[in-house]
Amino acid sequence: MSDLLQRASAVLSPVIGHYTSLEVKSGSGCYLYGLDDTAYLDLAAGIAVTATGHCHPKVVEAIQAQAATLIHACIGIVYYEPPIRLAEKLGELLGADLTSVFFCQSGTEAIEASMKLAKYVTKKSKLLVFSGGFHGRTLGALSLTTSKEKYRENYEPLIPGIKVLPYPNLYRHSSADSATAERQYIADLEAYFSTLDDDIAAVVIEPMLGEGGYVSAPAAFLQKLESLCRQKNILVILDEIQTGFGRTGHWFMFQEAGLKPDIIALAKGIASGMPLGACVARKALMEQWTTGSHGGTYGSNPVTCAAALASIDVVGDCLPGISELGEYALTFLKAALKDHPYVGDIRGKGLMIGIELVSDRITKEPHTALLKTVLSEALARQVIVISCGVFDNVIRIMPPLIITKPELTDGLTVITEVLNAHC
Ligand SMILES: Cc1ncc(COP(=O)(O)O)c(C=O)c1O
């Protein structure tokens, strides 16, 4: 066992899972560097976080300048500019009247805040969520998370009043064609809503499942969900913690479907790896959240907000090319893996791409063993790629958004060559 691994296992809690045992010392652009200076192409981006790549000079400069000016004073005590400027910027990027921001440090806290806001203002107790969703690991957010049973084991009972509906997974629906599957999911949703009682505060949904397997909800399903919620006075909370900030080719995925969520939870790609989350809502809704009924010491930290403002500038520059890069990647993968007996589905939007592995393309039995082999063989060829999916059988490709076409081609070439060696 090498030094870092050995020291880590002596002092760091084993509760943290590890995709690899790779030891790194630095990062730059799309690459992480091992202790011996080996360069690894990073297609995991710290789990969809380092949208601007590692240590982007503009982000580093913003962090250094802010750290030399003011690191912390607490927004509950005094006012300072970076969170205000960032909230103004978020309002511009989000549109849809989402102009009032509560900042926190992580995705799970953004979800906690969103749940608490919805319950507080509606004075209702129940929430609707979708199967395979991952919304975080604190006890409130965990109550909404169903992507893996392991996450919930030994923590029950969680908060009551959570109803889990089927996520529209066209690939895994029993119907052979996706148009029929989509219609069926929408009909089932309508039927379910007709039975609802009046005590539902909000629905919480990821427009594309992240941890749950990179499965996109069809736009028509999301639109129907939103209109059913309007009819029943139920708030719509979108979890765009993974899909947000350009990842799927738009600033936010809901914009492509033309939705008007009441609340949106953000984190991950927002600040290039600095710990920042946000719960954003319409001002009229936020104004009903009584002062002091939620809060935190570190929210609105000036350094994380400065990093976010710089990250937004950098992502804004590459945003116009992301959909095209994503289309290129899908075309590349579909051509290279055509007829592969264990590739069940290749899907995604922008730079959020999944390859679902199955041991039989008819029965769609998940092929987790192959997935593990592929990840470790890709790593041996200096490409970092990780998995997702409720069955842990989906290769997830989520590089930094600054990735160039040649870099992406290198990564996809390794993944497809490794897969094609296992036919
Ligand atoms: C969609 C989604 N929601 C919530 C979270 C939780 O975020 P965090 O790990 O920052 O608490 C994640 C993290 O993977 C996520 O992907």
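Residues numbered from 1 in each chain as written. Predicted model: local features only at pLDDT ≥ 70, side-chain atom pairs only at ≥ 80, totals over all residues. Heavy atoms only, no water.

Caption draft 1: Quick peek at the environment of K372. Looking at where K372 falls in the secondary structure, it is placed in helix α12 (residues 368-380). When its relative accessible area of 52% is taken as the criterion, K372 is described as exposed. Here the alpha-carbon distance between K372 and I386, two residues 14 residues apart in the chain, equals 9.1 Å. (Helix = DSSP H or I, 4+ residues; strand = E, 2+ residues; numbered from the N terminus. Buried < 20%, exposed > 50% of the residue type's maximum accessible area, 1.4 Å probe, protein only.)

Caption draft 2: The sheet that holds strand β11 (residues 343-349), seen in detail. Spatially, the 4 strands line up as an open sheet ordered β11-β12-β15-β14, and their pairing is antiparallel. Of all strands in the sheet, those bounded by a partner on one side alone are β11 and β14 (386-388). The average angle at which neighbouring strand axes cross in this sheet is 30 degrees, direction not considered. Summarising the sheet, β11 and strand β12 (residues 352-357) pair through 6 bridges and their orientation is antiparallel. Each bridged residue has a counterpart across the sheet, and for K349 the counterpart in β12 is M352. The strands touched by helix α13 (residues 405-420) are β11, β12 and β15 (394-397); relative to β15, the strand with the most contacts, the crossing angle is about 165 degrees. (Pairing = 2+ DSSP bridges. Axes fitted to C-alpha atoms, helices over the stretch in contact; angles between N-to-C directions. Contact = heavy atoms within 4.5 Å.)

Caption draft 3: Examining the domain arrangement of the protein chain more closely. Here the protein chain is described as being made up of domain 1 (3-56 + 320-420) and domain 2 (60-313). The centre of domain 1, based on its C-alpha atoms, is set 25 Å off from the matching centre of domain 2. If you look at the interface, domain 1 gives 39 residues, while domain 2 gives 29 residues. Roughly 2700 Å² of surface becomes buried between domain 1 and domain 2 when both sides are summed, with 54% attributable to carbon and sulfur atoms. The largest per-residue losses of area from domain 1 upon contact with domain 2 belong to K349, M352 and K364, which jointly make up 27% of the total buried on that side. There are 3 salt bridges connecting domain 1 and domain 2. (Domains from an automatic or database assignment. Buried area = accessible area lost by both parts, 1.4 Å probe. Salt bridge = Lys/Arg side-chain N within 4 Å of Asp/Glu carboxyl O.)

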